[in-house]
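Understanding the architecture of this molecule
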Amino acid sequence: MSSSPRSWRRAGTALRGWRSRQWTVTGAGALATAVLVGAPTDVVPNPLFGRSVPVQWWNYPALAVTAVLAGIVLTTYVRRPSSAPEPHAADGGRLGAIGGVLSFFAVGCPVCNKLVLVLLGASGALSYWAPLQPLLAVLSAGLLAEAALRRLSSETACPVTPSA
């Protein structure tokens with residue numbers, strides 16, 4: 001067996017083994033992610049936040065993919081019954097966190113980001129930052145997918161026990 005921390009086969013096996021509890025947590029995690037990323041960026045319309053630049057068409061699928069993948073990654077951290085082995089250390093947790101943060105910058109209003117405004121100004125934010133945002137969305141989804149793949153793969157991997 002390969003020592004790689006990722007395996008599509010093991011990840012698929014883990015997903016097929018999930019029960020309703022895991023899928024419920026995935027749904028709740030996806031919804032929470034959609035609100036936590038979508039509300040402040042005003043991709044999810046709300047009375048608390050606004051944006052100076054209209055939401056782009058690709059913001060919606062980017063937010064949906066982010067939410068689903070984040071829900072899956074979050075679910076892998078839920079404690080399982082004591083009979084099930086816990087995932088290994090090569091879990092991809094940092095990748096998931098970075099992917100989640102990048103998604104916020106990817107779908108956010110380009111001129112509402114104070115850091116971008118300070119560095120590039122309003123015209124620079126629209127000319128340079130806005131065209132990079134779809135690439136950030138793809139990078140974010142890739143990092144979240146890799147984190148999910150690693151976390152799920154470790155759920156079904158045979159644990160290595162240290163010799164006595």
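All values reported here derive from a predicted model rather than from experimental measurement.

Per the secondary structure count, the protein chain includes five helices and zero strands. The order of α-helices and β-strands along the protein chain, N terminus first, is α-α-α-α-α. Within the protein chain, the proportion of its 164 residues that are buried is 42%. For the protein chain, the exposed area adds up to about 9,500 Å²; of that, 69% sits on carbon and sulfur atoms.

Next up on the list: unusual backbone geometry. Backbone geometry places Asp-42, a non-glycine residue, at a positive phi of 60 degrees. Tracing the backbone through its elements, the reader meets Asp-42 in the loop between helix 2 (20–38) and helix 3 (59–75).

In total, this model carries one salt bridge according to the counting rule given. Linking Arg-150 and Glu-146 is a salt bridge whose minimum nitrogen-to-oxygen distance equals 2.8 Å. Here the residue Arg-150 and the residue Glu-146 both occupy positions in helix 5 (residues 114–156), the gap between them amounting to four residues, near one helical turn. Accessibility expressed as a relative area gives 27% for Arg-150, which makes it partly exposed. The class for Glu-146 is buried, based on a relative accessible area of 17%.

Let us now look at the packing of aromatic side chains. Inspection of every chain in the model, using the stated rule, returns two aromatic pairs. Seen from their ring centres, Trp-18 and Trp-23 are 5.0 Å apart, and the 65 degrees between their planes marks the pair as edge-to-face. For Trp-23, a relative accessible area of 39% puts it in the partly exposed group. Centre to centre, the rings of Phe-104 and Phe-105 are 6.0 Å apart; their planes meet at 80 degrees, and the pair counts as edge-to-face.

With 17 residues, the main nonpolar core has Ala-62, Val-107, Val-111, Leu-136 and Ala-137 as its most contacted residues. Looking at this core, the elements with two or more residues in it are helix 3, helix 4 (93–107) and helix 5. The element best represented in this core is helix 5, accounting for six residues. If you look at the next biggest cluster of nonpolar residues, it comprises nine residues, including Ala-14, Ala-147, Ala-148 and Leu-149.

Moving on, we get to the environment of Glu-155. Within the secondary structure layout, Glu-155 lies in helix 5. Along the backbone, Glu-155 and Ala-11 are 144 residues apart, and their C-alpha atoms lie at a distance of 7.7 Å.

With 17 residues, helix 3 should reach 24 Å at 1.5 Å per residue; the first-to-last C-alpha distance of 24 Å fits that figure. Contacts made by the buried residues of helix 3 are with helix 2, helix 4 and helix 5.

What follows deals with the environment of Tyr-77. The residue Tyr-77 is located in the loop between helix 3 and helix 4 in this model. Relative accessible area serves as the criterion here: at 44%, Tyr-77 is assigned to the partly exposed category. Residues Tyr-77 and Arg-151, spaced 74 residues apart in sequence, show a C-alpha to C-alpha distance of 8.6 Å.

Another point: the UniProt feature "transmembrane region" (unreviewed entry) in the protein chain. Under the feature "transmembrane region" (unreviewed entry), the UniProt entry names residues 57–78 and 98–120. Helix makes up 77% of residues 57–78 and strand 0%, with an end-to-end C-alpha separation of 33 Å. Taken end to end, residues 98–120 is 74% helix and 0% strand, and its two terminal C-alpha atoms sit 23 Å from one another.

Reading guide: rules and limits
- Residues numbered from 1 in each chain as written.
- Predicted model: local features only at pLDDT ≥ 70, side-chain atom pairs only at ≥ 80, totals over all residues.
- Heavy atoms only, no water.
- Helix = DSSP H or I, 4+ residues; strand = E, 2+ residues; numbered from the N terminus.
- Buried < 20%, exposed > 50% of the residue type's maximum accessible area, 1.4 Å probe, protein only.
- Areas by Shrake-Rupley, 256 points an atom, 1.4 Å probe, with all protein chains shown as cover.
- Salt bridge = Lys/Arg side-chain N within 4 Å of Asp/Glu carboxyl O.
- Phe/Tyr/Trp six-rings, centres within 6.5 Å; stacked < 30°, edge-to-face > 60°.
- Core = buried A, V, L, I, M, F, W, Y, C linked by side-chain atoms within 4.5 Å.
- Expected span 1.5 Å × (residues − 1).
- Contact = heavy atoms within 4.5 Å.
- UniProt positions renumbered as here; feature names shortened; annotations may be inferred.

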